[in-house]
Amino acid sequence: MIDGHGDDRYRYDDLVKMNFSSTIFQHADHSALKEYLMEHFDVITNYPESQPRQLEKLIAKQLGITPESVLVTNGATEAIYIIAQLFHNSCSIIPQPTYSEYADACRLNKHLITYENNDDMTTLPKDRMYWVCNPNNPSGNVLKKGFVDYVVRRSPRYTFVIDQSYGTFTREPLLEAHEVQGLPNVILIHSLSRKYSVPGLRLGYITAHPSTILLLRALRHPWSIPALSIEAGKFLVQHGLPAVSDINAYLMETQRLRSELRKIEGMRIFETKTNYMLCDLKDTTGAALKSYLIHEHGILIRDCYNFYGLFSGHFRISAQLPEENDALIAAIRQFVAEKKS
């Protein structure tokens, strides 16, 4: 795993007052989940299911697919690594910039990796894998559903791993699990952690053709999902509310934040269809801005220095409460003003 992921607040002890560094909304109401887990806390005194089949059945029922098409994983990260392991020694095409774990997992499993360089495409093997983050991290752009569906159906020889972990925070239509369940060349990755803003529980899942799920299941370590996480997942799937109750209002606030940041001298903000956005500040680095914001204002952002294809000035933020967004805008303005003085 490459060092430098978002939400590294553990590095800063009690300095963090406002967290813009991860892709989730930081103010979800978890009171009902906390109450439920306290009532079921004794599950930690016994082993969990070696494979979380009960949770998989609940997810399958919610999605309208068979349980044989669902595999619950220890976050989306475990999903990425066991998929790469299943297809070890493959040729993987990973358009950039995107989530770094795809390339990490592929390197670990001896894939031939290309970042969609046109010079490479003519010499690559005909059997290939495509890793597509949709919505993409860190850019926030979303490929149109019709385009993705067309490409995967007309290219049955290619395997498409489509990570929709960030799909909770967009209004753009994405592929549904039931739509691709019969396509053996498509693997979808999903995240309960992001949907419900509980990344510490490490809950993700894969939906794919049953034959693919069977092969992936054989690579899983037993008991990879802790008992308390399984119990939380069961509650969330049956009774939980998404972290953001009004996604339209939240995305409007995201666009307001983007609009205000664009007014800052030297600031470039990329277009986004999600709650997070990729930014670039002229004549400085993301690391310098991050250090200033955390030590002077208690604000944590995501330095994007380790995304392939990006530069030292890039950083990512996710929209939070309006008053926090205003505090971030003011703090960056102050940073720019102090640099000029």
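Within every chain, residues take consecutive numbers counted from 1 along the sequence as written. Since the coordinates come from a predicted model, pLDDT governs what is reported: local features require at least 70, and pairs of side-chain atoms require 80 or more to be given and counted, while whole-chain, interface and lining totals use all residues. Hydrogens and waters are ignored; side-chain quantities use all the structure's heavy atoms.

**Section: helix 3 (residues 75-86)**
In plain terms, the rule: Under the scheme used here, helices are H or I runs from DSSP no shorter than 4 residues and strands are E runs no shorter than 2 residues, and both carry numbers assigned from the N terminus. In this scheme, a helix's expected span is set at 1.5 Å multiplied by one less than its residue total. Each residue gets one of three labels from its accessible area relative to the maximum for its type: buried under 20%, exposed over 50%, partly exposed in between, using a 1.4 Å probe on protein chains only.
With 12 residues, helix 3 should reach 16 Å at 1.5 Å per residue; the first-to-last C-alpha distance of 17 Å fits that figure. The buried fraction of helix 3 amounts to nine of the 12 residues, a majority that puts the element mostly inside the structure. Three or more residues of helix 3 are buried, namely Gly-75, Ala-76, Thr-77, Glu-78, Ala-79, Ile-80, Ile-82, Ile-83 and Ala-84.

**What to know about the packing of helix 2 (residues 53-63) against helix 10 (residues 227-239)**
Cut-off, in case you're wondering: To get an axis, fit a line to the C-alpha atoms, keeping to the stretch in contact for a helix; angles then go from 0 to 180 degrees between the N-to-C directions. When an angle is under 35 degrees it counts as roughly parallel; over 145 it counts as roughly antiparallel; between 65 and 115 it counts as roughly perpendicular; any other value is oblique. Rotating anticlockwise by less than a right angle from the far helix to the near helix defines a left-handed crossing, while the corresponding clockwise rotation defines a right-handed one. Should any heavy atoms of two residues lie within 4.5 Å, those residues are counted as being in contact. Three residue categories are used. Nonpolar comprises Ala, Val, Leu, Ile, Met, Phe, Trp, Tyr, Cys and Pro, charged comprises Asp, Glu, Lys and Arg, and polar comprises the others, including Gly.
Two elements in contact, helix 2 and helix 10, have axes whose closest approach is 9 Å; the angle formed by their N-to-C orientations is 20°. Considering their axes alone, helix 2 and helix 10 lie roughly parallel with respect to each other. The two elements helix 2 and helix 10 meet at a crossing, and its hand is left-handed. Contacts between helix 2 and helix 10 involve Gln-54, Leu-55, Leu-58, Ile-59 and Gln-62 on the former and, on the latter, Ile-230, Gly-233, Lys-234, Val-237 and Gln-238. In the contact of helix 2 with helix 10, the residues fall into five nonpolar, four polar and one charged.

**Notes on the nonpolar core**
Counted only if it meets this: Nonpolar cores were defined as sets of buried Ala, Val, Leu, Ile, Met, Phe, Trp, Tyr and Cys residues, with membership established by side-chain atoms within 4.5 Å.
Leu-261, Met-267, Leu-293, Ile-301, Ile-317 and Ile-332 are the most contacted members of the largest nonpolar core, which totals 30 residues. Contributing elements (two or more residues each) for this core: helix 11 (247-261), strand 9 (267-269), strand 10 (276-281), helix 12 (286-297), strand 13 (314-318) and helix 13 (322-340). No other element matches the six residues that helix 13 contributes to this core. Tyr-99, Ala-103, Cys-133 and Tyr-166 belong to the second-largest nonpolar core, a separate cluster that totals 25 residues.

**Observations concerning the packing of aromatic side chains**
Put simply, the rule reads: Stacked, edge-to-face and tilted labels apply to pairs of Phe, Tyr and Trp rings (six-membered ring for Trp) whose centres lie within 6.5 Å, assigned for plane angles under 30 degrees, over 60, and everything in between, in that order.
Across all of its chains, the model carries 12 aromatic pairs by this definition. Ring geometry for Tyr-130 versus Tyr-158: centroids 5.5 Å apart, planes at 45°, classification tilted. Placement of Tyr-130 in strand 5 (residues 129-133) and of Tyr-158 in the loop between helix 6 (145-154) and strand 6 (159-163) is noted, with a sequence separation of 28 residues between them. Judged by its relative accessible area of 12%, Tyr-130 falls in the buried class. When the centroid spacing of 5.4 Å and the interplanar angle of 15° are considered together, the rings of Tyr-130 and Phe-160 count as stacked. Taken together, the residues Tyr-130 in strand 5 and Phe-160 in strand 6 connect sequence positions 30 residues apart.

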